[in-house]
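# Notes for the structure review
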Amino acid sequence: MARLGRSELDVFGLCLGGNVFGWTADESQSFEVLDAYAATGGNFIDSSDSYSAFAPGNRGGESETVLGNWFASRGNRADIVLATKVGLSRANIRTAVAESLERLQSDYIDLYYAHADDPDTPLEDTLRAFDELVNEGTVKYIAASNYSAPRLAQALEISDREGLARYVALQPHYSLVERHQYEGELAELCVREGLACVPYWALARGFLTGKYRPGVHVDSPRAGAAAKYLEDDRAVAVLAALDRIAASRETTVPAVALAWVRAQPAVIAPIASARTPQQLGEILPGATLELSKDGLRELSDVSAPAS
């Protein structure tokens, strides 16, 4: 377990992504994955009020509904650090949190993210809406997702100046093959301000699981997006390095990819999802695996973005 930024939340080294619940995993399958994750000591789950609106026939909120039913059936809500997300605007936040809590069958959210920065919504309005929820006890801590460094710094300055609830974590897009969005200003800001980094797509939409190889067909709704990385020579070289290191450590390719992300500045727990307990078993070692300095250096060098 590691402390999440300046909060009092202690979380497992792998955050289980809830984006597949109610989408590629039905409720029964989702329960199997959730039970297996909790059985290993996992306690950190990520969702959103928009998951999984992109699936045919869905409207959004399906992931939260599955989680709420799981909490109700297992009686374990207090054991889980639950993160979910909301679109911005003060009125929307107030309405959305009530709807999320109803779906989650809970009276509080541990970590509530602004899902994406909206330049048309004043930062202070968003922070005041969040602050009300924290003061009411509906939300324990707040966090930001998909914020630029300047906007995140401005939000933190407003919180400090006005005495409002302060973001304790950032959820950026970050993996071995997508490094440019986080590294540099954002990473430095997180370290300086004590924010925890909880990256999404840490396995590059599944590409870094190692399933996607030239000439191999993968039956997955995400196959098209993941397979595009095969057109990138750098990404293919990253996969080859992961293969070597995984073999030498007698572990899985995704575990090595997640361990590299976890070793980066301010990162506490990368997010990864699983549709089955078998898939979960492939990623779980990444929560505790510690790579050698040589292994970290090899992966950093082979994945370095072109200058």
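Details of the structure are given in the entry above.
All of the points below concern the structure found in this document. (Residues numbered from 1 in each chain as written. Predicted model: local features only at pLDDT ≥ 70, side-chain atom pairs only at ≥ 80, totals over all residues. Heavy atoms only, no water.)

## A closer look at the nonpolar core
Leu 4, Phe 44, Tyr 112, Leu 152, Tyr 167, Leu 208 and Leu 242 are the most contacted members of the largest nonpolar core, which totals 105 residues. Ranked by residue count, the leading element in this core is helix 9 (residues 253-262), at eight residues. What Leu 4 contacts, discounting residues up to four positions off in sequence, is Leu 9, Val 11, Phe 44, Leu 111, Val 168, Ala 196, Val 198 and Ile 268. (Core = buried A, V, L, I, M, F, W, Y, C linked by side-chain atoms within 4.5 Å. Buried < 20%, exposed > 50% of the residue type's maximum accessible area, 1.4 Å probe, protein only. Helix = DSSP H or I, 4+ residues; strand = E, 2+ residues; numbered from the N terminus. Contact = heavy atoms within 4.5 Å.)

## With respect to helix 5 (residues 149-162)
With 14 residues, helix 5 extends 20 Å from end C-alpha to end C-alpha; this agrees with the ideal 20 Å at 1.5 Å per step. Along helix 5, the residues classified as buried are Ala 149, Arg 151, Leu 152, Ala 155, Leu 156, Ile 158 and Ser 159. In this fold, the buried residues of helix 5 make contact with helix 4 (123-136), strand 7 (139-145), strand 8 (167-171) and helix 6 (185-193). Capping the start of helix 5 is the job of one residue whose side-chain oxygen sits 3.3 Å from the backbone nitrogen of Arg 151: Ser 148. Positive backbone phi, at 70 degrees, marks Gly 163, one or two positions downstream of helix 5. (Expected span 1.5 Å × (residues − 1). Polar contact = N/O pair within 3.5 Å; in protein donor to acceptor, adjacent residues only side chain to side chain.)

## Quick look at the sheet that holds strand 7
Pairing within the open sheet is parallel, and its eight strands lie in the order 9-8-7-6-5-4-3-10. With partners counted over all chains shown, the strands left at the sheet margins are strand 9 (196-197) and strand 10 (271-272), one partner each. The strands touched by helix 4 are strand 5 (81-86), strand 6 (109-114), strand 7 and strand 8; relative to strand 7, the strand with the most contacts, the crossing angle is about 155 degrees. (Pairing = 2+ DSSP bridges. Axes fitted to C-alpha atoms, helices over the stretch in contact; angles between N-to-C directions.)

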